[in-house]
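Each chain, written out:
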Amino acid sequence: MTGHAKAGRPNQFLRNLNSKIASIPMILTAVVIFLGGTIWTVVYSFTNSKLLPRLSFVGLDQYHRLWAAPRWVLSIENLAVYGILSMIFSLVIGFVLAALMDQKIRFENTFRTIFLYPFALSFIVTGLVWQWLLNPEFGIQSVVRSLGWTTFTFDPLYTPSIVIYGVLIAALWQGTGLVMCLMLAGLRGIDEDIWKAARVDGIPMWRTYLFIVIPMMRPVFITTLVIIASGIVKVYDLVVAQTSGGPGIASEVPAKYVYDYMFQAQNLGQGFAASTMMLVTVAIIVIPWAYLEFGGGRKRV
């Protein structure tokens, strides 16, 4: 009987065969283009390729030159400042806005649309808008001075030491709405009985959020952090639109460094080395997330 039952079971490989066949082009595309392109980039980062790629290996020379270049080091420092502050402020502002929205306020849909609207704009448009707003001649500084505060100064895009904070302002304006929506979805998934029990027990609302709600929203926070971090690593068009990397190279970021060396300086080897370092950064972000979500972060039953 058991043998007949086993014989009657369909082969696991043949289950959903049509779906598996339909996914073959997507799998091939991912393997050939993504994985193949990644391996190709890493291999040629160890060569002295200039205008055209060539297999003339020079070992780690490109990486030594990369980390000895002040421009690359500055771009990493800018990315660190921009990334840390972007994560902190995006999460805090997004969660606060979501908590306010979760109070069943009037015109919620209207406010949600207003906050999310900047995310629908491209980074180029956002960069140009904030370039105008932060222009001292006719932007925020000019408006405030026209109101009587003649000594007011606010020109971050023209001050090398704080230019990265001007870029950060534009990034927060565009991306915080998405974080708010993700957090709001997580808050709406919290059982209403938990809120009722907290109120009955006399627990202050801030303690309910801090010690009950936020731990329950751990998957939402992890996913949001990965989305924010992936956008931080590849930030490029916002910087180009706002500052073009200036003043001087004060707002340089890794993605712009890669573009300039590959397409303007015609130094493919150096560009590939910088690209590989960005790939390593992404791996550092994605691997812990994958482990927390699918590996040791969950208890086995």
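Taking an unreviewed UniProt entry as the reference, the protein chain is identified by name as Glucose/mannose transport system permease protein belonging to Rhizobium miluonense. The heading Sequence similarities (unreviewed entry) in the UniProt record of the protein chain holds the text "Belongs to the binding-protein-dependent transport system permease family."

A. Quick look at the overall build of the protein chain. If you tally the helices and strands in the protein chain, you get 15 helices and zero strands. In terms of C-alpha radius of gyration, the protein chain reaches 25 Å, well past the compact-globule figure of 19 Å for 301 residues. With respect to the three principal axes, the spread of C-alpha positions in the protein chain is 90 × 70 × 30 Å. Split into buried and exposed, the 301 residues of the protein chain put 34% on the buried side. Look at the contacts in the protein chain between residues 6 or more apart in sequence, and 66% of them connect residues 24 or more apart. Total accessible area on the protein chain is roughly 18,200 Å²; 70% of this is exposed by carbon and sulfur atoms. Once the 22 positive and 14 negative side-chain charges of the protein chain are each reduced to a mean point, those two points are 12 Å apart.

B. Looking closely at helix α10 (residues 192-200). The opening residue of α10 is D191, an N-cap whose side-chain oxygen sits 3.0 Å from the backbone nitrogen of D193. Phi for G202, located one or two positions after α10, is positive at around 75°.

C. Summary view of the packing of helix α7 (residues 123-133) against helix α9 (residues 163-188). Viewed as axis vectors pointing N to C, α7 and α9 meet at an angle of 130°, and their least axial separation amounts to 10 Å. The pairing of α7 with α9 is recorded here as oblique in orientation. Note that α7 runs across α9; the crossing there is right-handed. Contact with α7, carried on its side by F123, T126 and W130, involves I169, A170, W173 and Q174 of α9 and no other residues of that element. Taken together, the residues of the contact of α7 with α9 sort by class into five nonpolar, two polar and no charged.

D. Structural detail: the UniProt feature "transmembrane region" (unreviewed entry) in the protein chain. Cross-referencing UniProt, the feature "transmembrane region" (unreviewed entry) maps to residues 21-46, 79-101, 113-133, 162-187, 208-233 and 272-292 in the present numbering. A distance of 31 Å separates the end C-alpha atoms of residues 79-101, which is 100% helix and 0% strand. Its end C-alpha atoms 22 Å apart, residues 113-133 is made of 71% helix and 0% strand.

E. View of the pattern of salt bridges. Within the structure shown, the criterion is met by eight salt bridges. Between D102 and R188 there is a salt bridge, with the nearest N and O atoms lying 2.7 Å from each other. Note that D102 is positioned in the loop between α5 (70-101) and α6 (108-116) and R188 in helix α9, a separation of 86 residues in sequence. Overall, R188 belongs to the partly exposed group, its relative accessible area being 37%. With a shortest N-O distance of 2.8 Å, K256 and D260 are connected by a salt bridge. One end of the pair is K256 and the other is D260, both in helix α14 (residues 254-264) and four residues apart, which spans about a single turn.

F. Region of the structure containing the side chain of T47. Mapped onto the elements of the fold, T47 is located in the loop between α3 (24-44) and α4 (61-68). Of the polar contacts made by the side chain of T47, one reaches the side chain of S49; its length is 2.7 Å. In this view, T47 contacts R54, L55, S56, F57, V58, Q62 and G269; residues no more than four positions away in its chain are not counted.

G. A look at the confidence of the model for the protein chain. Per-residue confidence for the protein chain gives a mean pLDDT of 87; residues scoring 70 or more make up 93%. Looking over the protein chain, one finds the lowest element-wise mean pLDDT in helix α1 (residues 2-8), namely 51, and the highest in α4, namely 95.

H. View of the environment of N267. Inspection of the secondary structure puts N267 in the loop between α14 and α15 (268-294). Its relative accessible area of 14% is what places N267 among the buried residues. With residues near it in sequence (within four places) discarded, N267 still touches S49, K50, Q62, Y261 and M262.

Thresholds, definitions, all that
- Residues numbered from 1 in each chain as written.
- Predicted model: local features only at pLDDT ≥ 70, side-chain atom pairs only at ≥ 80, totals over all residues.
- Heavy atoms only, no water.
- UniProt positions renumbered as here; feature names shortened; annotations may be inferred.
- Helix = DSSP H or I, 4+ residues; strand = E, 2+ residues; numbered from the N terminus.
- Rg over C-alpha atoms; globule rule 2.2 N^0.38 Å.
- Buried < 20%, exposed > 50% of the residue type's maximum accessible area, 1.4 Å probe, protein only.
- Contact = heavy atoms within 4.5 Å.
- Areas by Shrake-Rupley, 256 points an atom, 1.4 Å probe, with all protein chains shown as cover.
- Lys, Arg positive; Asp, Glu negative; His and termini not counted.
- Charge placed at Lys NZ, Arg CZ, Asp CG, Glu CD.
- Polar contact = N/O pair within 3.5 Å; in protein donor to acceptor, adjacent residues only side chain to side chain.
- Axes fitted to C-alpha atoms, helices over the stretch in contact; angles between N-to-C directions.
- Parallel < 35°, antiparallel > 145°, perpendicular 65-115°, else oblique.
- Left-handed = near helix turned anticlockwise from the far one by under 90°.
- Nonpolar A, V, L, I, M, F, W, Y, C, P; charged D, E, K, R; others polar.
- Salt bridge = Lys/Arg side-chain N within 4 Å of Asp/Glu carboxyl O.
- pLDDT = per-residue confidence, 0-100.

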